[in-house]
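# Working through the structure, step by step
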Amino acid sequence: MAPAEVLSGKIVSAQVRERLKQQVVEMKEKFPGFRPGLAILQVGNRDDSNLYINMKLKAAAEIGISANHIKLPNTATEADVLKCIASLNGDPAVHGFIVQLPLDSDKPINTEKITNAVAPEKDVDGLSSINAGKLSRGDLGDCFIPCTPKGCMELIRQTGIQVAGKRAVVVGRSKIVGAPMHDLLLWNHATVTTCHSKTSTLAEEVGKADILVVAAGKAEMVKGEWIKPGAIVIDCGINHVPDSTKASGKRVVGDVAYNTAKEKASYITPVPGGVGPMTVAMLMQSTVESAQRFLEKFQPGKWNIQYNKLTLKMPVPSDIEISQSCMPKPIDQVGKEVGLLPDEVELYGQTKAKVHLSALKRLKNQPDGKYIVVTGITPTPLGEGKSTTTVGLVQALGAHLHQNAFACVRQPSQGPTFGIKGGAAGGGYCQVVPMEEFNLHLTGDIHAITAANNLVAAAVDARIFHELTQTDQALYNRLVPSVNGVRKFSDIQIRRLQKLGINKTDPTSLTMQEVNLFVRLDIDPGTITWQRVLDTNDRFLRKITIGQSPTEKGFSRMAQFDITVSSEIMAVLALSDGLDDMKKRLGRMVVASSKRGEPVTADDLGVTGALAVLMKDAIKPNLMQTLEGTPVFVHAGPFANIAHGNSSVLADKIALKLVGKEGFVVTEAGFGADIGMEKFFNIKCRYSGLRPHVVVLVATVRALKMHGGGPAVTAGVPLPKEYTEENLQLLAKGCSNLNKQIQNARMFGVPVVVAVNAFKTDTKAELALVVQLAKEAGAFDAVECTHWAEGGKGAVALAQAVKRASQAPSNFSFLYNVELPVIEKIRLIAQQIYGASDIELLPEAQEKVALYTKQGFGNLPICMAKTHLSLSHDPEQKGAPTGFILPIRDIRASVGAGFLYPLVGTMSTMPGLPTRPCFYDIDLDPVSGEVHGLF
């Protein structure tokens, strides 16, 4: 018969590498910024290992795989290696991971323990017990196969001969080649015999083989005459035998006597150039396969989510009863369902987690989903249900319409939770759960803000005290102390020197004038705007005297406490788009002016770095879920009057990437559309660069009746009949407010869908009238909603309307250009959004306009601090008043957050407790640990 056809591993592996190269190109086109990653961990410095690793690195570079070679010294311990493996297991950029064997360490290391420590989904060498077990069980699509057997099978396929039904013999039973080769042939339907050193009839068994794979590690052990005519022979051996004709004095041979075997076989692999090149090619193929599996599993926008089915009860139980009757999914499951990687989710128990900002970096090239903002008519004491609608809409989009949907909401202050308002997790069958976790502490973000804010306050007063009691030189010696005879500026002190125009880094080189400029902030106590904060309603802290202890040497002043969520640091958190941005904003916060009229910042105080440290965890959004199992980000909770009243930019950005192009992110703006929505557009969207697709405007029949002139309501007293009986005339009059808020939203070029939150006392005629008038006012659609009692099912019509509206043209634009003078920006908001005829600046406000313009803050956006109970400055004026003059009492600056806030009337920044606070009803069951009485 004719000599065997040579199966060249060089040729086949080149074809494999070319195919893989094309697959990587296609992967990158489909997922911009993505690249398959291979990590090779080496212990020691063996020459043969270095040679093999260089071959792998070269092949990876040729294909387009990002290969990382990690080299540990030969002094590495088993613990060192395991620690390195754990790090690589958790690295989302690593898709394939091999440990180069043997481990060249002078410390005892259990090789099997090491190979089994590699995550099975990254074990592209296929050496872990889990992958070996899956292979032996026939789960070929769910495991990695060792590279040499995989390469052998590829060479066998090149012959075009069917494996199924053939007799196969494997000589050798190693874990790396022989045993997995047996399993691989078996599950490709060959009849397989494994031979080894103890097989007494080796020649006889070899002679039966249609397919022969030899991996015995013994030079030319299998003789040509043993081989069945026409067999396929795969030789995995690499052996050195003496050869005086070679310069090295030796040559490489396989485990098969090649020259005689090729006369009997139909196909045969040479040594070298046969199986060897295939091993590296298969390692590359497994790495690309692993990357493809990773993309399939964690493909942005491709969710495999389990929704919770609600068991609805009538009458609807209390919010906390509903919340506690629900069994939330483990929060790590929620993270996995929405496409977050395990190392991007930092668990805080079973029901809440922090999400690392690395997720946003990983997803940066993915398209954003649809961006929806929920707002409302001008609020009344009767409530409109914005939070409930936000949650209901997301539950409807996700659990009922099967769209990827994410809610992004603010974290509530504990002040109202224990005061009079209660919690803010939504209500009825539309809640963020567990609601007690949501309303109490959560992950400690508000406490971090309290600590950071009060550190700044302490720094302000301490600096004033020290400057008043020390000479320039004494201050300098303490601010830049000599440590072991060396004086050195800290980084933040270098920044202060540069701000002062002093370009020196040697502390001994400053002149006395420069020392004076450096050490003296010269804060004017009368200009201090930075207050201490506490997350508790405490009216007796609204005005206090500090510095009364004798140790303060009589340097006392009047001050106050605000509630924590009113701190500028909360607004900074909400508007930052990363750690670096947050740190810069913290440093820019203005706490006072100097006696020369210059702004004094947190950076001047030297406290910026410390603030960033206190806030490093708070900047990570908090992941929770709704009653129906849809995901929620709970992050930041700035006031909606002296701040912008919206959840964080970061939460929105991450959510928009996770939902994918066809998904929805629903966020809520505080108070009515004239306040929260206007600031969402002009401040939040301006800084985030995000553009909304739809406004959902929430209204209720009874709130609109109050805007039509309905009587006042008193807590604990039954509602007047105007609110419980049909009154179309009163309702139609009150729709003037709805009309104006629709106009306000449309002014920004965004479609508006009105959600009419139905109550049992509403009549069909009343609900129909609101829907009709909303459409006549220019709403894209208006829909009756019953989600409070029915969960997502009751908001399906709203969700469908939002879907349709999101496909309509959105010509978003800002109301004003920030380059306009401060007064003009205020006037535009007052006239266009509130309906005022003009504005009036009181003397203090006029002075601030001049001051902030001089200090360089005139180009900041405007954040109006006005009552939320009316479109005007008078909370008693309901409906849609016009023709009024809006008085501006004062203007203040949140320079770090990035806005000026004019004060319209008096703004309380520290609520008080009522006669009967909510805490009377809040209790803990010491046996079950359940919280009672929250609402």
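What this report covers is the structure whose coordinates are included nearby. (Residues numbered from 1 in each chain as written. Predicted model: local features only at pLDDT ≥ 70, side-chain atom pairs only at ≥ 80, totals over all residues. Heavy atoms only, no water.)

## A closer look at the overall build of the protein chain
For clarity, the cut-off: The helix and strand labels rest on DSSP assignments: H or I over at least four residues marks a helix, E over at least two residues marks a strand, and numbering proceeds from the N terminus. Note on classification: 1.4 Å probe, protein chains only; a residue is buried when its accessible area is under 20% of the maximum for its type, exposed when over 50%, partly exposed between these limits. In short, Shrake-Rupley with a 1.4 Å probe defines the accessible areas, and a residue's cover is counted only from the protein chains shown. Here Asp and Glu are counted as negative and Lys and Arg as positive; His is not counted, and neither are the chain ends. A charged residue contributes its charge at one atom only: NZ of Lys, CZ of Arg, CG of Asp or CD of Glu.
Regarding its fold elements, the protein chain presents 34 helices and 37 strands. If one aligns the C-alpha atoms of the protein chain with their principal axes, the spans along those axes are about 110 × 80 × 55 Å. Counting every position in the protein chain, which comprises 935 residues, the buried fraction comes to 55%. Summed over its atoms, the accessible surface of the protein chain is roughly 38,600 Å², and 53% of this surface lies on carbon and sulfur atoms. The average position of the 100 basic charges and that of the 91 acidic charges among the side chains of the protein chain differ by 3 Å.

## So, the pattern of salt bridges
To keep things clear, this is the line we draw: Any carboxyl oxygen of Asp or Glu that lies within 4 Å of a side-chain nitrogen of Lys or Arg is treated as forming a salt bridge with it.
One pass over the full model with this rule turns up 44 salt bridges. Taking the shortest distance from any N to any O, the salt bridge between aspartate 368 and lysine 657 comes out at 3.1 Å. In this pair, aspartate 368 is assigned in the loop between helix 13 (358–362) and strand 14 (370–376) and lysine 657 in helix 25 (residues 649–659), connecting sequence segments 289 residues apart. Since its relative accessible area comes to 12%, lysine 657 is described here as buried. The closest approach of N and O atoms between arginine 804 and aspartate 781, which form a salt bridge, is 2.7 Å. Of this pair, arginine 804 sits in helix 32 (residues 796–806) while aspartate 781 sits in strand 31 (residues 781–785), and the two are 23 residues apart along the sequence. Exposure remark for aspartate 781: the relative accessible area of 12% places this residue in the buried category. Where salt bridges share partners, they join Glu346, Lys616, Asp617 and Lys620 into one cluster.

## Let's talk about the packing of aromatic side chains
The condition is simple: Pairing of aromatic rings covers Phe, Tyr and Trp, the last through its six-membered ring, and needs centres within 6.5 Å; plane angles under 30 degrees mean stacked, over 60 mean edge-to-face, and all others mean tilted.
What the rule picks out here adds up to 14 aromatic pairs. Consider the rings of tyrosine 476 and phenylalanine 518, whose centres lie 5.9 Å apart with planes at 85°: the pair is edge-to-face. Highlighted residues: tyrosine 476 in helix 18 (residues 472–479) and phenylalanine 518 in helix 20 (residues 512–519), separated in sequence by 42 residues. Grouping residues by exposure puts tyrosine 476 and phenylalanine 518 together as buried. For the pair tyrosine 852 and phenylalanine 857, a centre-to-centre distance of 6.5 Å together with 50° between the ring planes defines the contact as tilted. In this structure tyrosine 852 comes out as buried when scored by relative accessible area, which is 8%. Take phenylalanine 857: its relative accessible area is 12%, and that puts it in the buried class. The structure contains a cluster of three or more aromatic residues connected by ring pairs, namely Tyr371, Phe680, Phe681, Phe748, Phe812 and Phe814.

## Details of the environment of serine 129
To keep it simple, the criterion reads: Residue contacts are counted whenever heavy atoms from the two residues lie within 4.5 Å of one another.
Following the sequence through the fold, serine 129 ends up in helix 5 (residues 129–137). Residues serine 129 and lysine 113 lie 16 residues apart in sequence; the distance between their C-alpha atoms is 9.8 Å. If we skip the residues at most four places from it in the chain, serine 129 touches Glu112 and Asn116.

## Comments concerning the nonpolar core
The condition is simple: Note on terminology: a nonpolar core comprises buried Ala, Val, Leu, Ile, Met, Phe, Trp, Tyr and Cys residues joined through side-chain atoms within 4.5 Å.
Judged by nonpolar contacts, the single largest core of 134 residues is most densely connected at Phe406, Phe633, Phe681, Leu738, Val754 and Leu886. Setting aside chain neighbours within four positions, we find leucine 886 in contact with Ala830, Tyr834, Ala836, Asp838, Ile839, Glu840, Met864, His873 and Val904. The next biggest cluster of nonpolar side chains, apart from the first, holds 55 residues, and it includes Ala60, Met181, Tyr267 and Leu283.

## With respect to the side chain of asparagine 50
Within the secondary structure layout, asparagine 50 lies in helix 2 (residues 47–63). A residue is classified by how much of its surface remains accessible, and asparagine 50, at 17% relative accessible area, is buried. Discounting residues that sit within four places of it in the chain, asparagine 50 has contacts with Gln42, Asn45 and Lys71.

## Re the environment of threonine 115
To keep things clear, this is the line we draw: Whenever two N or O atoms come within 3.5 Å, that pair is a polar contact, provided that in protein one can donate a hydrogen and the other can accept it, and provided that, for residues adjacent in sequence, both atoms are side-chain atoms.
As for its placement among the helices and strands, threonine 115 is situated in helix 4 (residues 111–117). Between the C-alpha atoms of threonine 115 and serine 248, which are 133 residues apart in sequence, the distance is 35 Å. Reaching out from threonine 115, the side chain makes a polar contact with the backbone oxygen of glutamate 112 at a distance of 3.0 Å.

## Describing the packing of helix 5 against helix 7 (residues 178–187)
Worth spelling out the cut-off: Angles here are taken between N-to-C directions and fall from 0 to 180 degrees, while the axes themselves are lines fitted to C-alpha atoms, restricted in helices to the stretch in contact. Residues are sorted three ways: Asp, Glu, Lys and Arg are charged, Ala, Val, Leu, Ile, Met, Phe, Trp, Tyr, Cys and Pro are nonpolar, and all the rest, Gly among them, are polar.
Running from N to C, helix 5 and helix 7 point in directions that differ by 35°, and their axes come no closer than 8 Å. Listed contacts from helix 7 to Leu135, Ser136 and Arg137 of helix 5 are Pro180, Asp183, Leu184 and Trp187. Taken together, the residues that form the contact of helix 5 with helix 7 break down as 4 nonpolar, 1 polar and 2 charged.

## Some remarks on the sheet that holds strand 2 (residues 37–43)
Using the following cut-off: When DSSP finds at least two bridges between two strands, those strands are taken to pair.
Judged by pairing direction, the sheet is parallel, and its 3 strands sit side by side in the order 3-2-4 without closing on themselves. If you trace the sheet from one side to the other, it starts and ends with strand 3 (66–72) and strand 4 (96–99), each paired once. The average angle at which neighbouring strand axes cross in this sheet is 15°, direction not considered. Both strand 2 and strand 4 contribute to a ladder of 4 bridges, which runs parallel. Each bridged residue has a counterpart across the sheet, and for isoleucine 40 the counterpart in strand 4 is isoleucine 98. In the packing of helix 10 (residues 275–297) onto the sheet, contacts are made with strand 2 and strand 4, and the angle to strand 2 comes to roughly 125°.

## Here's the deal with a nonpolar patch on the surface
This is how the line gets drawn: Residues with no salt bridge and a relative accessible area higher than 30% make up the patches, which join like charges within 9 Å and nonpolar side chains (Val, Leu, Ile, Met, Phe, Trp, Tyr) within 5 Å.
Judged by side-chain polarity, Leu51, Tyr52 and Met55 come together as a nonpolar surface patch covering roughly 300 Å² of accessible area. On the secondary structure map, tyrosine 52 appears in helix 2. The exposure class of tyrosine 52 is partly exposed, given its relative accessible area of 42%.

## Topic: helix 18
Taken together, the buried positions of helix 18 are Asp472, Ala474, Leu475 and Tyr476. Looking at the packing, one finds that the buried side of helix 18 touches helix 17 (445–469), strand 19 (486–487) and helix 20.

Functional significance is not addressed by these values, which are geometric in nature.
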